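An overview of the molecular structure
So you can see what is in the structure, the chains are spelled out below.
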Amino acid sequence: MKKIHFILLGCFCALTLTSCFKDEAPNAECDIVRAWLHTDDPTEMFYQATDTMVNVLYTATDIKFTVRRKADITALAPEFELTEGATIVPASGSVQDFSQGPVRYTVTSQDKSWTRDYLVSFNPVTVTQNSELQFNFEDMHLDDKGKYYVWCEQMGGGVTEDIWSTGNAGFGLTSSKAAPEDYPSAPLSDGYDGKAVRLVTRSTGAFGAMVNMRLAAGNLFLGEFDISQALKDARKATRFGLPFDMKPLTFQGYYRYKAGDKFQSADGNEVAGKRDQASVYAILYLNHDADGNAVTLNGDDVQSHPLIVAKAIVPELPETDQWTEFKVDFTYVKDFDLDILDQRGYNLAVVFSSSIDGAYFQGAVGSTLDIDQVRLICETVE
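Reference entry: report on the structure contained in this document. None of the values given here were measured: they were computed from a predicted structure. (Residues numbered from 1 in each chain as written. Predicted model: local features only at pLDDT ≥ 70, side-chain atom pairs only at ≥ 80, totals over all residues. Heavy atoms only, no water.)

1. Comments concerning the overall build of the protein
Check the secondary structure of the protein and you find 4 helices and 30 strands. Compactness check: the protein gives a C-alpha radius of gyration of 21 Å against a globular reference of 21 Å for 382 residues, within 12% of the reference. Dimensions along the principal axes, computed over C-alpha positions, put the protein at roughly 65 × 55 × 40 Å. Sorting the 382 residues of the protein into buried and exposed places 52% on the buried side. Restricting the contact set of the protein to residue pairs at least 6 apart, pairs at least 24 apart contribute 68%. Here the protein carries 33 positive and 54 negative side-chain charges, and the mean point of each set is 4 Å from the other. (Helix = DSSP H or I, 4+ residues; strand = E, 2+ residues; numbered from the N terminus. Rg over C-alpha atoms; globule rule 2.2 N^0.38 Å. Buried < 20%, exposed > 50% of the residue type's maximum accessible area, 1.4 Å probe, protein only. Contact = heavy atoms within 4.5 Å. Lys, Arg positive; Asp, Glu negative; His and termini not counted. Charge placed at Lys NZ, Arg CZ, Asp CG, Glu CD.)

Encoded structure:
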């Protein structure tokens, strides 16, 4: 069993079909937009004051609050902002016992034609002492509509969480009839040891050309993909990182890589003589700014944001058809603060991509990166 030390901000479900609304009838929406818990002293229960509120992604049906290890969660009264005219059962602000697991809430649209269930949980966090995290990519499942694969991890206690995200949902907007194995991020049966992940840069076809997003790099990362932003601002749709409770020292794993034949620019023109490259890195950063605002890095700033504390960027990944080890130490650009660690104030992003400039829709269709047996060596913190 794999034990991971992350506080999950939410797990991704399906694309727009999981939402229950009709485009032509706004009053048929039945979604939770925000959830929060009022408390006179947030620090008694939460690590950060911002943890009292969860902005619910359009695709999410699990709403998770992270609380301190000894927090009393037997009688809490979360409140909800709903889409216009919708109602919720149990009622917003009613007292519920969350100590036995998630509580199911049902939202009904204003026109009474649609309902949607949410699971709301308050999850106490226990700081563990393990010094190595292992990601073997043995566990995955299809999304709710059976369109593409989602990778998950065993969190201990028999709980499985979808902590890994991809851009598969965005690719689905351009290639709705693709088989799950033909999405940019898919499982691989012959890994270094057991299963692995295969990331392939794919063409997005006529629709991609129309919106000037001609290719989709295969990617896998810790964090969230916000499908509602995919066509508006694709780089901001990738929200990198999850809260992390250790000091990472070394990032390592195994890979295979083959670049595609023709590198193309964002306008679709071939760039003669240019060879595609893969991208593999991990970033530790502060998840709140100086004013106490929550921060999540995205495709624009994941390697450049001023709140970055440490980087482990694999400098190059030579093409190879054999499983080859990569290994790089974290370089700290800011001091690591144990007081901030105690407040769950760090996020860790781990990112893999088959095209290093895929976020800018540049690369070579067919570039293929296989990843397996990833390790994070960390300093144990008492």
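Now that the structure has been shown, we can carry on.
2. Describing the pattern of salt bridges
Applying the stated criterion to the full structure yields 15 salt bridges. Across the pair Arg-256 and Asp-190 runs a salt bridge, and its minimum N-O distance is 3.9 Å. With Arg-256 in strand β21 (residues 247-258) and Asp-190 in the loop between β14 (185-188) and β15 (196-200), the pair connects residues that are 66 residues apart, well separated along the chain. What makes Asp-190 partly exposed here is its relative accessible area of 43%. Residue Asp-300 is joined to Arg-235 by a salt bridge in which the shortest nitrogen-to-oxygen separation is 2.7 Å. (Salt bridge = Lys/Arg side-chain N within 4 Å of Asp/Glu carboxyl O.)

3. Section: the nonpolar core
Ranked by size, the top nonpolar core spans 65 residues in total, and within it Phe-137, Trp-164, Phe-251, Phe-326 and Phe-352 carry the most contacts. It is strand β23 (residues 279-286) that provides the largest number of residues to this core, a total of 7 residues. Counting residues in each nonpolar core, the second largest holds 26 residues, with Val-56, Ala-60, Phe-98 and Tyr-105 among its members. (Core = buried A, V, L, I, M, F, W, Y, C linked by side-chain atoms within 4.5 Å.)

4. Focus: the sheet that holds strand β3 (residues 62-67)
Across a sheet, paired strands are connected by hydrogen bonds in the backbone, their directions being either parallel or antiparallel. With mixed pairing, 4 strands are arranged side by side in an open sheet as β3-β7-β6-β5. A strand with exactly one partner marks an edge of an open sheet, and here the two such strands are β3 and β5 (87-89). Between one strand axis and the next, the sheet turns through 25 degrees on average, direction left out of account. Here β3 runs beside strand β7 (residues 115-124); their pairing, made up of 6 bridges, is parallel. Looking at the pairing, Ile-63 lines up with Val-120 of β7. (Pairing = 2+ DSSP bridges. Axes fitted to C-alpha atoms, helices over the stretch in contact; angles between N-to-C directions.)

5. A few points about the environment of Gln-252
Tracing the sequence through the fold places Gln-252 in strand β21. Separated by 118 residues in the primary sequence, Gln-252 and Gln-134 place their C-alpha atoms 10.0 Å from one another.

6. Let's talk about the pairing of strand β6 (residues 103-108)
With 3 bridges joining them, β5 and β6 adopt antiparallel strand pairing. Bridge pairing links Ile-88 to Val-107 in β6. The antiparallel hairpin formed by β6 and β7 contains 6 residues in its connecting segment, where Lys-112 sits at a positive phi of about 65 degrees.

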